[in-house]
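Understanding the architecture of this molecule
Chain by chain, the residues:
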Amino acid sequence: MWYIASSMTNNTGKQILNAFRFPVTLTFVQFGLVALCCFVTARVFGATHIRQPTIDIARTIVPLAVFLIVGHVFSSIAISRIPVSLVHTIKALAPLFTVMLYRFLFGVHYTSDVYVSLLPLTLGVVLACSFTFSNNVTGLSCALGSCLVFVTQNIFSKKILFKEAKLGDRNPNKLDKMNVLFYSSSISFFLMIPMWLYSEGHVLFSDAIDTSAAAAVAATNGNSVSTARLVYYFILNGTMNFGQNWFAFTTLSLTSPVTYSILSLLKRIFVITVSILWFGQQVSWTQSFGILLTFFGLWLYQRAKHDVDRSERSSSSTELPTTNEMKRM
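Counting of residues starts from 1 at the beginning of each chain's written sequence and follows it residue by residue. Reporting in this predicted model follows two pLDDT cut-offs: at least 70 for local features of residues, and 80 or more for side-chain atom pairs to be given and counted; totals over whole chains, interfaces and linings ignore these cut-offs and use all residues. The basis for every side-chain value is the complete set of heavy atoms in the structure, and neither hydrogens nor water enter the calculation.

When helices and strands are tallied, the protein chain shows 13 helices and zero strands. Numbering of helices and strands starts at the N terminus; helices are DSSP runs of H or I of at least 4 residues and strands are runs of E of at least 2. Taken from N to C terminus, the helices and strands of the protein chain fall in the order α-α-α-α-α-α-α-α-α-α-α-α-α. Of the contacts made within the protein chain by residues no fewer than 6 positions apart, 86% connect residues no fewer than 24 positions apart. A contact between two residues is defined here by any heavy atoms of the two lying within 4.5 Å.

Next up on the list: helix 3 (residues 55-81). Residues spaced three or four apart along an α-helix face the same direction, because each turn holds 3.6 residues. A helix is expected to span 1.5 Å for every residue after the first. Under the 1.5 Å per step criterion, the end-to-end length of helix 3 is 39 Å for 27 residues, consistent within 8% with the ideal 39 Å. Take the seven residues that end at a residue and the seven that start at it, fit an axis to each, and the angle between those axes is the bend at that residue. The axis of helix 3 is deflected most strongly, by about 30°, at Ile61, and proline Pro63 appears within four residues downstream.

In this model, helix 8 (residues 177-205) (29 residues) spans only 36 Å end to end at C-alpha, well below the 42 Å of a helix rising 1.5 Å per residue. Along helix 8, the largest kink reaches about 65° and is centred on Leu197.

What follows deals with a nonpolar patch on the surface. A cluster of nonpolar side chains, contributed by Leu36, Phe39, Val40, Val44 and Phe45, occupies part of the molecular surface with about 500 Å² of accessible area. When you line up the elements, Phe45 lands in the loop between helix 2 (23-44) and helix 3. Residues with no salt bridge and a relative accessible area higher than 30% make up the patches, which join like charges within 9 Å and nonpolar side chains (Val, Leu, Ile, Met, Phe, Trp, Tyr) within 5 Å. Note that accessible areas follow from Shrake-Rupley with a 1.4 Å probe, and for residues the cover is restricted to the protein chains shown. Salt bridges, as used here, are contacts in which a Lys or Arg side-chain nitrogen is within 4 Å of a carboxyl oxygen on Asp or Glu.

Bringing the packing of aromatic side chains into the picture now. Any two aromatic rings considered together are summarised by their centre-to-centre distance and by the angle between their planes. Only centres within 6.5 Å qualify two rings of Phe, Tyr or Trp (six-membered ring in Trp) as a pair; their planes then separate them into stacked at under 30 degrees, edge-to-face at over 60, and tilted for everything else. Going through the model one piece at a time under the given rule, you end up with eleven aromatic pairs. For the ring pair Phe28 and Trp196, a centre distance of 4.9 Å and an interplane angle of 10° mean the geometry is stacked. With Phe28 in helix 2 and Trp196 in helix 8, this pair connects stretches of sequence that are 168 residues apart. Exposure categories follow from relative accessible area, calculated using a 1.4 Å probe and restricted to protein chains: below 20% of the type maximum is buried, above 50% is exposed, and the middle band is partly exposed. Using a relative accessible area of 11% as the deciding quantity, one classes Trp196 as buried. An aromatic cluster is present here, built from Phe28, Phe189, Phe190 and Trp196 joined pairwise through their rings.

To continue, consider the packing of helix 6 (residues 112-128) against helix 12 (residues 285-303). Only the contacting stretch of a helix is used when fitting its axis, a line to C-alpha atoms as for every element, and angles between N-to-C directions run 0 to 180 degrees. Where helix 6 contacts helix 12, the two axes come as close as 7 Å, and the packing angle between them is 160°. Judged on the interaxial angle alone, helix 12 and helix 6 are roughly antiparallel. Helix 6 and helix 12 meet at a crossing whose hand is left-handed. The residues of helix 12 that touch helix 6, namely those facing Val114, Ser117, Leu118, Pro120, Leu121, Leu123, Gly124, Val125, Leu127 and Ala128, are Thr286, Gln287, Phe289, Gly290, Ile291, Leu293, Thr294, Phe296, Gly297, Leu298, Leu300 and Tyr301. In the contact of helix 6 with helix 12, the residues fall into 15 nonpolar, seven polar and no charged. Here is the rule for angles: anything less than 35 degrees is roughly parallel, anything more than 145 is roughly antiparallel, 65 through 115 is roughly perpendicular, and the remaining ranges are oblique. Each crossing is labelled by how the near helix is turned from the far one, with a counterclockwise turn of less than a right angle marking it left-handed and a clockwise turn marking it right-handed. As a working rule, the residues Ala, Val, Leu, Ile, Met, Phe, Trp, Tyr, Cys and Pro are called nonpolar, Asp, Glu, Lys and Arg charged, and the rest polar, with Gly in that last group.

Another aspect to go through is the nonpolar core. Formed by 57 residues in total, the largest nonpolar core has its most connected members in Ile16, Phe20, Ile82, Leu86, Ile90, Leu93 and Met192. Among the elements that take part in this core, helix 7 (residues 137-165) stands out by supplying seven residues, more than any other. Among the buried residues, those of types Ala, Val, Leu, Ile, Met, Phe, Trp, Tyr and Cys that are joined through side-chain atoms within 4.5 Å form a nonpolar core. Counting 17 residues, the second largest nonpolar core, distinct from the first, contains Val34, Ala42, Ala65 and Phe249.

Our next topic: the environment of Ser75. Summarising the element assignment, Ser75 is placed in helix 3. Ser75 sits 71 residues away from Ser146 along the chain, and the two C-alpha atoms are 5.5 Å apart. In contact with Ser75, other than residues within four places in its own chain, are Lys91 and Ser146.

The tally for this structure, following the rule as stated, stands at one salt bridge. Measuring nitrogen to oxygen at the nearest pair gives 2.7 Å for the salt bridge that ties Arg59 to Asp56. Pair noted here: Arg59 and Asp56 are both in helix 3, with a separation of three residues, about one helical turn. Its relative accessible area of 54% is what places Arg59 among the exposed residues.

What follows deals with the packing of helix 1 (residues 2-19) against helix 3. Interhelical geometry of helix 1 versus helix 3 gives an angle of 65° and a closest axis separation of 9 Å. The orientation of helix 1 relative to helix 3 falls into the category roughly perpendicular. Once helix 1 is placed against helix 3, the crossing between them reads as right-handed. Contact residues: Asn10, Gly13, Lys14 and Leu17 in helix 1; Ser76, Ile79, Ser80 and Arg81 in helix 3. Here the contact of helix 1 with helix 3 is built from residues that sort into two nonpolar, four polar and two charged.

With respect to the helices, strands and loops of the structure, Thr89 is situated in helix 4 (residues 84-91). Ignoring anything within four residues of it in the chain, the contact list for Thr89 reads Val125, Ala128, Ile272, Ile291 and Thr294.

Disulfide: a pair of cysteine sulfur atoms within 2.5 Å of each other. Counted according to the given criterion, the structure contains zero disulfides. Between Cys38, a free cysteine, and Cys37, which holds the nearest cysteine sulfur, the sulfur-to-sulfur gap is 7.1 Å.

A few words on the side chain of Ser146. Counting through the fold element by element, Ser146 comes out in helix 7. Residue classification places Ser146 among the buried positions, given a relative accessible area of 0%.

Our focus in this paragraph is the confidence of the model for the protein chain. Interpreting fine coordinate detail is not advised for predicted regions of low pLDDT. pLDDT measures how confident the predictor is about each residue, on a scale from 0 to 100. Of the residues in the protein chain, 77% have a pLDDT of 70 or more, and the chain-wide mean is 78. Helix 2 holds the highest mean pLDDT among the elements of the protein chain, 92, whereas helix 9 (residues 213-221) holds the lowest, 49. Considering only residues more than four positions removed or in separate chains, one finds that residues 207-211, a stretch of pLDDT under 50, has four contacts. Here residues 316-329 scores under 50 on pLDDT; set against residues more than four positions off or in separate chains, the count is 62 contacts.

Here's what the structure looks like:
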């Protein structure tokens, strides 16, 4: 279910952006729908109790929400310009950025196996982008920026979680997964209002084009879609986005970190494969080899992951987190 929800989120997002070129609006709506799904699930199904907002919750979540906004906006812009499969192939560079940040910013040392695994990973992404770089500089840059932002967010957020874990259940500010998802999405939604109004909202509201914007953009891009179908895609996308986050949290809580990381690797392979089939994407032999080489690099990194986590735990004196959740994005 996690794989399906993640694949549906990315592919319906691409379907929306093919006919409705407003990536900031898509991200804005996603945050709102995820927050709404969290609230409904908690109230109707009694999954958990949504806590009352406090200053401590805001102080913890707001910095994470900023990372989420920037990362998701970059990701939406990338998906609007290049194939979903290419976006996720570029995001596979997360281990490279993670190792580089820990090595140069925090002085963490890794074994040679870790660095060797990064070679096919990096080369694979370069080959996968080889025939699209000149025409999609913005899309590729945004995909790369999204990857870097999410890696930085994971390091930052896990540093906060590391501090909270030392208090255990005595920590009065500790949030369960539903509350974390609800507050991160709702705060991101409200923080995005000025950005959305400035970048795309005023366009959608001006000249009463709220119902004709989709048609106008669709006509420009040769992708005709009805307003009702567009709304359906938005609701499906938001629901699946909530689902993939919930399943990711649940999977992490039910499995070991190593098992979760392996499942995350398989999920990325699944998303890339399904997106190629979904859109009937034409992939050259060089790009195909690059994607396979990327998978091989991820597999090598996965084998060396024990050394990665051990190296990062050795820096616990600086309160650095490990990379167990690096691939959730």
